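The primary structure of each chain is shown beneath.
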Amino acid sequence: MKRGPTAEGGKPRPASPGASGPREPQVAAFATAKHGSLAEPARTTQDAEPGGRLRIGGYLPASFSDYPGRLAAVIFTQGCNFRCPWCHNPGLLDPQGPELYNGEKIIGRLAARKGKIGGVVISGGEPTLQPDLLPFCRRLRDLGLAVKLDTNGSRPQVLAQALTAGVVDYIAMDLKAPWEKYQQLAGVAVDPALIRRSMEMIAASGIAHHFRTTAVADLLSPADLAAIRALVPAGSSYKVQPFRQVPPSA
Ligand code: SF4
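Remember, it's a predicted structure, so these values are computed and weren't measured experimentally. As a convention, each chain's residues are numbered from 1 in the sequence order in which they are written. Local features are withheld for residues below a pLDDT of 70 in this predicted model, meaning they are given only at 70 or higher, and side-chain atom pairs are given and counted only at 80 or more; totals for whole chains, interfaces and linings count all residues.

Trainee: Looking at this structure, I do not really get the sheet that holds strand E7 (residues 237–242). What am I missing?
Mentor: Strand pairing requires that DSSP identify at least two bridges connecting the strands. Numbering of helices and strands runs from the N terminus, with a helix taken as a DSSP run of H or I at least four residues long and a strand as a DSSP run of E at least two residues long. Ordered in space as E1-E2-E3-E4-E5-E6-E7, the seven strands form an open sheet in which the pairing is mixed. At either margin of the open sheet sits one strand with a lone partner, and together these are strand E1 (56–63) and E7. Direction aside, neighbouring strands of the sheet carry axes that sit 20 degrees apart on average. As judged from the four bridges shared by strand E3 (residues 119–123) and strand E4 (residues 146–151), these two strands associate in the parallel manner. Note on E4: the bridge partner recorded for Val120 is Val147. A residue pair is marked as a contact if its C-beta atoms, positioned from the backbone, fall within 7 Å. Angular values range over 0 to 180 degrees, each being the angle between N-to-C directions of two axes fitted as lines to C-alpha atoms, with helices fitted over their stretch in contact. In the packing of helix H6 (residues 192–205) onto the sheet, contacts are made with strand E5 (170–174) and strand E6 (208–215), and the angle to E5 comes to roughly 150 degrees.

Trainee: I would appreciate a short explanation of the packing of helix H3 (residues 133–142) against helix H4 (residues 156–165) in the present structure.
Mentor: Geometrically, a packed helix pair is captured by the angle between its two axes and the distance between the axes. Two numbers describe how H3 lies on H4: the axes approach to 10 Å, and their chain directions differ by 30 degrees. Between H3 and H4, the interaxial angle falls into the category roughly parallel. In this structure, H3 crosses over H4, and the sense of that crossing is right-handed. From H3, Leu133, Leu134 and Cys137 reach across to H4, where they touch Val158, Gln161, Ala162 and Ala165. Its residues assigned to classes, the contact of H3 with H4 shows six nonpolar, one polar and no charged. We call two directions roughly parallel when the angle between them is under 35 degrees, roughly antiparallel when it is over 145, roughly perpendicular when it lies between 65 and 115, and oblique otherwise. Definitions for this section: a left-handed crossing has its near helix turned counterclockwise from the far helix by less than a right angle. A right-handed crossing has that turn clockwise. Amino acids are sorted into nonpolar (Ala, Val, Leu, Ile, Met, Phe, Trp, Tyr, Cys and Pro), charged (Asp, Glu, Lys and Arg) and polar (every other residue, Gly among them).

Just geometry here; none of it tells us what the structure is for.
What follows is the structure, encoded as structure tokens:
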């Protein structure tokens, strides 16, 4: 759903063991656990640190294209409950994958750049799997930074908490496929009711948002795209982004 994370200085971040690396059994186990249930990730003692801890697998210090109308830093959280066959970020799928960036240091860097950037995008992976997403967002807001959340929409209960707490300013949510093809495009069984609930909640929230679909030509026909568009609530904006093959070295 998103561009791949890049290390500071524009270089691709180090390849991490993902779906095809030595962590494959772990990934497979996670995928199985998620199948149909989209279960909660395990919370570790370390995760319980006060102040909001995110497991971060990638970081972009500045982007003009990820937060509409703002220059923003982008944080890529580690771990996803989907397995989209075309995913650009396989290194971010394993929730136990390498934590390449320390959240406290990122907060420090963002504080030092106050006034130079206008916001932070929390992308992934799937950010709503992070147990401390809300306190982390609150800390960014306390720095005076607007927060945009990118989500696959599978965890409406977390979105509801974020909206109630008022810690996000913008939400971009993926619509992967028409309902009958959702499992194929998400790579796991997905309850459409969860996606629909997220969609309706975001649309009714009054905060800036858009829905979006990555048009993977081999998997989504023009008729599929039309069917997805028909799902978008009236008054919400919708973007179709072309699928771009990422070179193996990126
Ligand atoms: S939802 Fe997860 S698996 Fe799908 S494209 Fe995004 S990061 Fe990859």
